[in-house]
Amino acid sequence: MTQSLTALLAQKTFSTADIARLLSLTGPADVELLRSRAHELVLKHCGSHVFFRGLIEFSNICVSDCNYCGIRKSNEAVDRYMLSKDDILESARFCAEVGYGSAVLQSGERIDEAFVAFIEDIVRSIKKETVSSTLPGGLGITLCVGEQTEDVYRRFYNAGAHRYLLRIETTSPTLFAKIHPPQQSLANRMDCLDRLRRVGFQVGTGVMIGLPEQTIEDLANDIQFFKRTSIDMIGMGPYIVHHQTPMAHYDRDIAARKDAVFLLALKMIAVTRIVCKDVNIAATTALQAMQYDGREQGLCFGANIVMPQTTPVDVRNNYLLYEGKPCLDENASQCKSCLERRIRSVGREIGTNEWGDSQHFAARS
Ligand code: SAH
């Protein structure tokens, strides 16, 4: 006889088969049991606060050619931009003024010295300019600027960034190779995560959910990877087709599976919470691209972080990793009040003027 779901959910450790079973649940009553266990655990390990990271997508210039991504190097239809230091500082000051506590600086990938030095300078300046009595350490800064050397990661850390996001995208070697050009390797991504950890960053990673030919076992292995490598922060979202990419021909297949992929993304959040417990998990914008209340649902399934848009509206349209990205025309203040309403609507509180660091990081360091 198979073990009851309630007993499985109460376990402390989980085999890959256990995780695959949880990810395969489809009956509404079972999914609700999963959701409520994840909700219970987020409250227990992270509290009821939801933390904001103002998202600043400061450049779409990219030397990588990821097959899924709308801003890949080969997409010539994209107008490339790089925000000025002043524009970035203005967005950062906005984050600090409205109490977000942290910002994420995200961009396409570049490894040239001018880019690295620009980021170092920006991080230093943001830190200097955002110190106040409400935010004594200045804005918490998360970087999301791709694969770099250990030396570069150290420069970013010394400048004052203390969290870094680099998604592994998938831990399946065959799937990774299918969705990336040959120059990119899963081994290097893994090395980068090790470098980040050695440098002292709170390390974030994540995967895309619903990739063509991705199996439940692949996703179960991804969660085991988060656990095994002691990841501090996780951002995951559904894969969404962008038509100016080599993966555009999957659009019908993906459209036919849309509802199942959305549910799978929610279950990934819940199961990651249940397995990894005290990590920060983001309810990502890609969830909201699929359903208008996708991020709130993510919060109900165990997430505790949201990333409101603070990229200037005039360039936001040029940072389209996938189609159907929400909030393209709302200014940062509109995004803020809309999100606050949404978070309160699901009974959570907002953690203002706090970095909202990963409890997992605190425990491991
Ligand atoms: N250049 C940075 C930022 C990349 S964009 C870096 O390398 O980290 C951030 C994430 O968006 C990617 O890691 C990927 O997981 C996600 N993404 C890209 N294209 C996507 C798509 N078509 N659908 C869903 N997510 C996508």
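Structure: above.
With that out of the way, let us pick up the overall build of the protein chain. For the protein chain, the count of helices and strands is 16 helices and 10 strands. Taken against the 2.2 N^0.38 rule, which gives 21 Å for 365 residues, the C-alpha radius of gyration of the protein chain at 19 Å falls within 12% of a compact globule. For the protein chain, the spread of C-alpha atoms along the three principal axes comes to 65 × 45 × 40 Å. With 365 residues in all, the protein chain has 60% of them scored as buried. Summarising the internal contacts of the protein chain: among those between residues at least 6 apart in sequence, 75% fall at separations of at least 24. With 41 positive and 43 negative side-chain charges, the protein chain shows a separation of 4 Å between the mean positions of the two kinds.

Note: most peptide bonds trans; most residues except glycine with negative phi. Despite not being glycine, Glu-213 has its phi angle at roughly 70°, a positive value. Relative to the helices and strands, Glu-213 is located in the loop between strand E6 (208-209) and helix H9 (216-228). In this structure, Lys-277 takes a positive phi of about 65° despite not being glycine.

Right, let's get into the side chain of Glu-340. Mapped onto the secondary structure, Glu-340 falls in helix H15 (residues 332-345). Judged by relative accessible area, which is 15%, Glu-340 ranks as buried. Aside from chain neighbours lying at most four places away, what touches Glu-340 is Phe-52 and Ile-350.

To continue, consider the side chain of Arg-155. With respect to the helices, strands and loops of the structure, Arg-155 is situated in helix H6 (residues 150-159). A polar contact is formed between the side chain of Arg-155 and the side chain of Glu-113, at a distance of 2.9 Å. Those residues in contact with Arg-155 that sit more than four places away from it in its chain are Glu-113, Val-116, Ala-117 and Glu-120.

What counts and what doesn't
Residues numbered from 1 in each chain as written. Predicted model: local features only at pLDDT ≥ 70, side-chain atom pairs only at ≥ 80, totals over all residues. Heavy atoms only, no water. Helix = DSSP H or I, 4+ residues; strand = E, 2+ residues; numbered from the N terminus. Rg over C-alpha atoms; globule rule 2.2 N^0.38 Å. Buried < 20%, exposed > 50% of the residue type's maximum accessible area, 1.4 Å probe, protein only. Contact = heavy atoms within 4.5 Å. Lys, Arg positive; Asp, Glu negative; His and termini not counted. Charge placed at Lys NZ, Arg CZ, Asp CG, Glu CD. Polar contact = N/O pair within 3.5 Å; in protein donor to acceptor, adjacent residues only side chain to side chain.

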